[in-house]
Amino acid sequence: LYLRVLQASEIDEVIDFEQRKLKDVIPNEMEREIASWNARWRKESLNHYLPMGWSFVARDRSQQSPWSDEGLMVGYFLAQPLLF
């Protein structure tokens, strides 16, 4: 696996990754759409947190990705730190 900081340019790939996973869990398209409204991976949330540089992506370089030359996204971590 290749691990690195998740970039704002990868927002569409994260959304696609999550929508494909959601399709396996919720077969109904309308229910999937409603579930995505409160998801942590919604576009507004990603636009806020990704530029901070505290989120990470894991890629499998042995698998091709239509999104990236670095390999297939197999997971990611969204960091939402609490400042005190």
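The structure this text deals with has already been given above.
Just so it is clear, the model here is predicted, and its values are computed rather than measured. (Residues numbered from 1 in each chain as written. Predicted model: local features only at pLDDT ≥ 70, side-chain atom pairs only at ≥ 80, totals over all residues. Heavy atoms only, no water.)

Considerations on the sheet that holds strand β2 (residues 56-60)
Spatially, the three strands line up as an open sheet ordered β1-β2-β3, and their pairing is antiparallel. The sheet terminates laterally at β1 (2-5) and β3 (72-77), the two strands that pair on one side only. Taken pair by pair, the neighbouring strands of this sheet meet at an average axis angle of 25 degrees, ignoring direction. As paired strands, β1 and β2 are joined by four bridges and run antiparallel to one another. The partner of Tyr2 across the bridge, within β2, is Arg59. (Pairing = 2+ DSSP bridges. Helix = DSSP H or I, 4+ residues; strand = E, 2+ residues; numbered from the N terminus. Axes fitted to C-alpha atoms, helices over the stretch in contact; angles between N-to-C directions.)

Concerning helix α1 (residues 11-25)
Taking 1.5 Å of rise per residue, 15 residues should cover 21 Å, and α1 covers 21 Å from first to last C-alpha, within 8% of that figure. All of the buried residues along α1 are Ile11, Glu13, Val14, Ile15, Phe17, Glu18 and Leu22. Looking at the buried side of α1, the elements it contacts are α2 (29-37), α3 (43-49), β2 and β3. (Expected span 1.5 Å × (residues − 1). Buried < 20%, exposed > 50% of the residue type's maximum accessible area, 1.4 Å probe, protein only. Contact = heavy atoms within 4.5 Å.)

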